[in-house]
Amino acid sequence: MTTTTPFGRMVTAMVTPMKPDGSIDYDGVKKLAEHLVANGHDGLVVNGTTGESATTTDEENIETVRAVADAVKGRAAITAGVGTNDTAHSVRAAKALADAGADAVLVVTPYYNKPTQAGIVEHFKAVVGATDLPAMAYDIPGRSGTALASDTIRQLATIDQVRAVKDAKGDFFEATKLMDETDLLWYSGDDVVNLAWLALGAVGVVSVVGHVAGNEFRAMIDAVDAGDLATARAIHTKLIPAIDALMNTSQGAIMVKAALKEQGVIDSDAIRLPLLPADEAMYAVLRDGLTKAGLL
């Protein structure tokens, strides 16, 4: 597969490194971005769910995007999470993060207030229309409470700037129909099924486990491109213990920050309430999983 994508193909939704007092460690942000680019990544998502967007401020998000842009210097596409459940707020965020250096935007289905499908379409039109950047629609009903219906995705596909879907819904058969009917680029939004998505035609992954397995997932993408499913399956199987260890709690940022601290990539596993950092029992599970996967 030779696919041109404005988002990259091996993409990780970055955590936001923080100091023990909970303030953002912008030097740590730069160090992490550089680490990811040096380990298989051609794309980064900043200010997504894994970046703790629910508890970071607009000003912090701007500075984080600036820090990442300064660190990667064009070596990877920067997709900024701008979606909220307030359309006006999302419009302001899109404009501000575009100015801060984002190359693309990620727009999640509005959460909690559960708009109609027609309302979702109008939300996307307003947010995507706030800049001239390409946009990725994020379909994650387990968190947002509302799935993107297939007809809604078809409507989004008619918006020139909407170029991709990050799929954490997992309706594989329906997605294959939409991939066939539209020009949308599909991304796995769930590390558990990265290989399944790639085998069905997804262009890439937006990962959490990619923080520690970027080179491995890059090799999986390359193997699928080459038609070498045996190698891709071997990579998937090797990573099972790491995926189990990192994705065994409510929010990927908890275990990823612990893993990155364990590897010496970030200085602190600090995370903002209502999330709590990993405890010693969780660290033990993490070390075991990473070791079995050959990542520690």
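Described in the following lines is the structure provided in the data block. (Residues numbered from 1 in each chain as written. Predicted model: local features only at pLDDT ≥ 70, side-chain atom pairs only at ≥ 80, totals over all residues. Heavy atoms only, no water.)

Describing the overall build of the protein chain
Along the protein chain, the regular secondary structure elements total 12 helices and eight strands. Taking 19 Å as the expected radius of gyration for a compact globule of 296 residues, we find that the protein chain reaches 18 Å, a close match to that expectation. The C-alpha extent of the protein chain, read off along each of the three principal axes, is 45 × 45 × 35 Å. Counting only residues that meet the buried cut, the protein chain has 54% of its 296 residues in that class. Contacts spanning at least 24 positions in sequence make up 70% of the contacts within the protein chain whose residues lie at least 6 apart. As displayed, the protein chain has an accessible area near 12,000 Å², and 52% of this comes from carbon and sulfur atoms. Of the charged side chains in the protein chain, 25 are positive and 38 negative, and the gap between their average positions amounts to 1 Å. (Helix = DSSP H or I, 4+ residues; strand = E, 2+ residues; numbered from the N terminus. Rg over C-alpha atoms; globule rule 2.2 N^0.38 Å. Buried < 20%, exposed > 50% of the residue type's maximum accessible area, 1.4 Å probe, protein only. Contact = heavy atoms within 4.5 Å. Areas by Shrake-Rupley, 256 points an atom, 1.4 Å probe, with all protein chains shown as cover. Lys, Arg positive; Asp, Glu negative; His and termini not counted. Charge placed at Lys NZ, Arg CZ, Asp CG, Glu CD.)

Re helix H10 (residues 229-246)
Here H10 is 18 residues long and its end C-alpha atoms lie 24 Å apart, about the 26 Å a rise of 1.5 Å per residue gives. Taking the largest bend as the criterion, H10 deviates by roughly 45 degrees, centred on Leu239, and proline Pro241 comes between one and four positions later. Among all positions of H10, only Ala232, Ile235, Leu239, Ala242, Ile243, Ala245 and Leu246 are buried. For H10, the secondary structure elements touched by its buried residues are helix H8 (194-200), helix H9 (210-225), helix H11 (252-263) and helix H12 (280-292). (Expected span 1.5 Å × (residues − 1). Bend = angle between axes of the 7 residues up to and from the residue.)

Considerations on the environment of Ala93
Along the chain, Ala93 turns up in helix H3 (residues 87-100). Taking the C-alpha atoms as reference, Ala93 lies 5.5 Å from Val82; in sequence the two are 11 residues apart.

Focus on the sheet that holds strand E2 (residues 43-46)
The eight strands are arranged E1-E2-E3-E4-E5-E6-E7-E8 in a closed barrel whose pairing can be described as parallel. On average, adjacent strands in this sheet sit at an angle of 25 degrees to one another, irrespective of strand direction. Here strand E5 (residues 135-139) runs beside strand E6 (residues 162-167); their pairing, made up of five bridges, is parallel. The partner of Ala135 across the bridge, within E6, is Val162. Strands E2 and strand E3 (77-81) of the sheet are contacted by helix H2 (residues 58-72), whose axis makes an angle of about 165 degrees with E2. Along the sheet face, H9 touches strand E1 (10-13) and strand E8 (204-207) and points at about 160 degrees away from the line of E1. (Pairing = 2+ DSSP bridges. Axes fitted to C-alpha atoms, helices over the stretch in contact; angles between N-to-C directions.)

Re the nonpolar core
In summary, soluble globular proteins display a tendency toward joint burial of nonpolar side chains. Residues Met14, Val68, Val82 and Trp186 are the most contacted members of the largest nonpolar core, which totals 84 residues. Leave out the neighbours within four places in its chain, and Trp186 touches Ile153, Val165, Asp167, Ala175, Leu178, Met179, Trp197, Ala202, Val203 and Gly204. Residues Ala13, Ala104, Ile140 and Leu185 belong to the second largest nonpolar core, which totals 15 residues. (Core = buried A, V, L, I, M, F, W, Y, C linked by side-chain atoms within 4.5 Å.)

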